[in-house]
Amino acid sequence: MTDFSSQHAREQLDHEMIMIEVNLDDCSSEVLGFTMDQLLSAGANDVYYTSIYMKKNRPAYKLSVLTTPLRQPELEEIIFKETTSFGLRFFPVSCHRLGREFYIAKTAWGEVSVKIGIYQGKKIKFSPEFEDCRALAEKHNLPLQTIYDGAKNMAISHYK
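Before going into details, it helps to say that this report is about the structure given with it. (Residues numbered from 1 in each chain as written. Predicted model: local features only at pLDDT ≥ 70, side-chain atom pairs only at ≥ 80, totals over all residues. Heavy atoms only, no water.)

**A few points about the packing of helix α3 (residues 130-140) against helix α4 (residues 144-159)**
The N-to-C vectors of α3 and α4 enclose an angle of 125°; their axes lie 8 Å apart at closest approach. Relative to α4, the element α3 lies oblique. Between α3 and α4 the crossing geometry is right-handed. On α4, the residues touching F130, C133, R134, L136 and A137 of α3 are L144, I147 and Y148. (Axes fitted to C-alpha atoms, helices over the stretch in contact; angles between N-to-C directions. Helix = DSSP H or I, 4+ residues; strand = E, 2+ residues; numbered from the N terminus. Parallel < 35°, antiparallel > 145°, perpendicular 65-115°, else oblique. Left-handed = near helix turned anticlockwise from the far one by under 90°. Contact = heavy atoms within 4.5 Å.)

Written as structure tokens, this is what we have:
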């Protein structure tokens, strides 16, 4: 089962985040996957890439990395060392994060941690942890969606 060090987090508005972006038209998806892992391990808050088209209709990826100003230099170094980039751009962004708490759904197949999103004091999202659901689906030879739905419904019912 997933281990969570913090069981409660309040809703947050953060106006001091940085988005780093770079367009890559000559970088393989394997390199991007490796780079994503490196960036997340170094403390990036979020990493994703988007399929785009550049000049002359060249297919490419836009790599986007959300971070704090403190981590920005280290993450830029990873991007320059691991990708084909010769330059990047960055800009300030604000983030609004839901409050979070966790519920342990004790399903017929085993326990699943369910992340609960809280907005203005109300529980509005229920998201079972993928790794917990996957482990139970594999153990019991059941569809992943069966485990996911069972855990989610149990959490929703608990809070109604």
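The rest of the description comes next.
**Examining the pattern of salt bridges**
This model, assessed by the stated rule, comprises 7 salt bridges. The residue E131 makes a salt bridge to R134 at a minimum N-O spacing of 2.7 Å. Of the two residues, E131 and R134 are both situated in helix α3; the distance of 3 residues between them amounts to about one turn of the helix. With relative accessibility at 43%, the residue E131 sits in the partly exposed group. According to the relative accessible area criterion, R134 is partly exposed, its value standing at 36%. One salt-bridge network, held together by shared partners, links E21, K62 and R89. (Salt bridge = Lys/Arg side-chain N within 4 Å of Asp/Glu carboxyl O. Buried < 20%, exposed > 50% of the residue type's maximum accessible area, 1.4 Å probe, protein only.)

**Description of the nonpolar core**
Across soluble globular proteins, nonpolar side chains have a tendency to be buried as a group. In terms of nonpolar packing, the biggest core is built from 15 residues, with L39, L63, V65, L75 and I79 touching the most fellow members. Mapped onto this core, the elements with two or more residues apiece are β2 (12-24), α1 (29-41), β4 (58-67) and α2 (72-82). Beyond its immediate stretch of four places on either side in the chain, L75 contacts I20, L39, A42, A44, V65 and T67. Grouped together as the second largest cluster of nonpolar side chains are 13 residues, C133, I147, A151 and A155 included. (Core = buried A, V, L, I, M, F, W, Y, C linked by side-chain atoms within 4.5 Å.)

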